[in-house]
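Structural description and commentary
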Amino acid sequence: MAENVQYPDLVIVGAGLFGLTVAQQAVERAGARVHIIDVRDHIGGNAYSYFDKETGAEIHKYGAHLFHTSNKRVWDYVNRFTEFTNYVHRVYATHDGVVYPLPINLGTINQFFGASYTPDEARKLIEEQAGELAGTDPQNLNDKGIQLIGRPLYEAFIKNYTGKQWQTDPAELPADIIKRLPVRFNYDNRYFKDTWEGLPKDGYTAWMERMIDDPRITVSLGVDFFDESQPYNKKALLAAGVPVVYTGPVDRYFDYELGDLKWRTVDFKEVRYDEDDHFGCPVMNYSDADVPYTRAIEFKNFNPERYDSQNHSKTVVWEEYSRFAERGDEPYYPINTDEDKALYARYAEKAAAEPKVVFGGRLGTYKYYDMHNVIDTALTAFDEQVLPLIAK
């Protein structure tokens with residue numbers, strides 16, 4: 001079937017931000033003809049969103065996506081395709097029936113202890129509450145958390161949340177998962193500290209459609225790279241010598257021959273309320289073990305500027321449940337144990353030996369990336385790896 005196909009200059013497997021960025025750069029800077037395939041029925045990867053007809057909310061199909069960056073190259077690049085709102089991300093947590101601001105800050109501390117500590121007093125308190133772990137270098141997450149923020153705050157806000165998130169007792173998790181827990185000794189509860197943040201004014205999908213709005217870029221959705229009955233399959237493309245950017249799972253590319261890399265996935269349960277506003281904020285964490293989900297997202301509250309186009313008698317909330325991924329699940333977060341890292345290093349060696357294939361994105365490089373990291377790595381990969389393959 002593939003014998004009669006006129007292949008383009010570049011085939012991109014995966015229509016997420018990595019693939020879209022490379023496609024846009026390829027046509028703009030190399031005049032290339034690009035074809036993108038994706039097994040899903042939409043572009044955008046995990047950043048894809050759609051508008052809910054009943055409420056007017058923009059639903060982030062794969063969980064909350066908040067754009068933030070301190071990278072000027074990335075900020076200048078994305079602003080070519082969308083304007084951003086002035087949204088500033090703030091998170092709250094429910095513990096024992098009381099709502100607290102996160103990350104842990106002086107407001108959280110004073111509310112939790114029913115006190116009015118100054119910054120210096122709060123610092124001293126937390127050092128005292130680290131107890132025998134103060135000044136040590138614990139190797140498990142449980143003890144590291146206590147050492148960083150003291151036992152009471154750790155057990156209230158981190159321990160059970162982390163246990164639900166990883167489906168593992170924190171005492172059995174490595175300390176480097178948290179590395180450091182931010183505690184702010186002022187009342188700043190802005191979640192991100194980046195120079196720029198916001199949400200695309202007319203939605204994520206509109207932004208990404210504009211990235212590839214060029215007749216030299218074509219897209220096929222619902223197409224599996226490994227399905228040899230369709231022309232843009234792995235075997236046919238490699239045989240034809242077509243340059244490929246692959247953003248799927250790296251272990252899947254090699255048919256799992258060295259074993260499976262491990263991921264966590266997220267399940268969502270949708271709940272609708274006959275109210276204008278259920279939480280009063282976009283994201284509510286649930287720190288207690290007796291609530292089975294880690295957090296809930298109320299999408300309306302990401303976009304207060306859309307008030308006039310929203311339904312004020314209905315709202316939609318997604319509860320988020322974390323678990324270990326199996327084959328066929330959506331992989332979200334790499335587990336990244338030492339064993340996984342060693343396995344990925346072996347796959348990376350195999351990937352480096354594929355002369356006309358560039359591996360990218362979270363799945364292709366077994367790394368957790370925020371959106372700005374994906375775009376930054378895509379711009380770099382285009383310069384260093386893709387352009388030499390397609391330059392005429």
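To keep things clear, this report deals only with the structure shown in the data block. Keep in mind that what you see is a predicted model, and the values were worked out from it rather than measured.

With that out of the way, let us pick up the pattern of salt bridges. One pass over the structure, following the stated rule, counts 28 salt bridges. In this structure, R327 and D260 form a salt bridge, with 2.7 Å as the shortest nitrogen-oxygen distance. Note that R327 is positioned in the loop between strand 14 (315-324) and strand 15 (333-334) and D260 in the loop between helix 9 (250-253) and strand 11 (263-273), a separation of 67 residues in sequence. Note that R323 is salt-bridged to D329, the shortest N-O span being 2.9 Å. Salt bridges here are not isolated pairs; linked through shared partners, they connect D52, E54, E270 and R272.

In contact at an axis separation of 11 Å, helix 3 (residues 106-113) and helix 4 (residues 119-129) are set at 65° when each is read in the N-to-C sense. By the angle class used here, helix 3 and helix 4 are roughly perpendicular. Crossing hand, helix 3 versus helix 4: left-handed. Contacts from L106, I109 and F113 in helix 3 reach P119, A122, L125, I126 and Q129 in helix 4. The residue inventory of the contact of helix 3 with helix 4, partitioned by class, reads 7 nonpolar, 1 polar and no charged.

Moving on: the sheet that holds strand 13 (residues 295-298). Ordered in space as 7-6-12-13-14-11-15, the 7 strands form an open sheet in which the pairing is mixed. Unpaired on one side and paired on the other, strand 7 (98-102) and strand 15 mark the two borders of the sheet. One ladder, built from 10 bridges, connects strand 11 with strand 14; its direction is antiparallel. Note on strand 14: the bridge partner recorded for V271 is V317. The sheet strands contacting helix 3 are strand 6 (91-95) and strand 7, and the helix crosses strand 7 at an angle near 155°.

Moving on: the layout of surface pockets. A probe matching the size of a water molecule, rolled over the atoms, marks out where space remains unfilled. There is about 320 Å³ of room inside the second largest pocket. Looking at the lining of the second largest pocket, the elements with two or more residues in it are helix 10 (338-352), strand 16 (357-359), helix 11 (361-365) and helix 12 (371-390).

The rules behind the values
Residues numbered from 1 in each chain as written. Predicted model: local features only at pLDDT ≥ 70, side-chain atom pairs only at ≥ 80, totals over all residues. Heavy atoms only, no water. Salt bridge = Lys/Arg side-chain N within 4 Å of Asp/Glu carboxyl O. Helix = DSSP H or I, 4+ residues; strand = E, 2+ residues; numbered from the N terminus. Axes fitted to C-alpha atoms, helices over the stretch in contact; angles between N-to-C directions. Parallel < 35°, antiparallel > 145°, perpendicular 65-115°, else oblique. Left-handed = near helix turned anticlockwise from the far one by under 90°. Contact = heavy atoms within 4.5 Å. Nonpolar A, V, L, I, M, F, W, Y, C, P; charged D, E, K, R; others polar. Pairing = 2+ DSSP bridges. 1 Å grid on protein atoms, 1.4 Å probe; cavity = no way out; pocket = protein on both sides within 12 Å on 5 of 7 lines; lining within 4 Å. Points joined across faces, edges and corners; volume = space filled by probe spheres on them.

None of this, on its own, says anything about what the molecule does.
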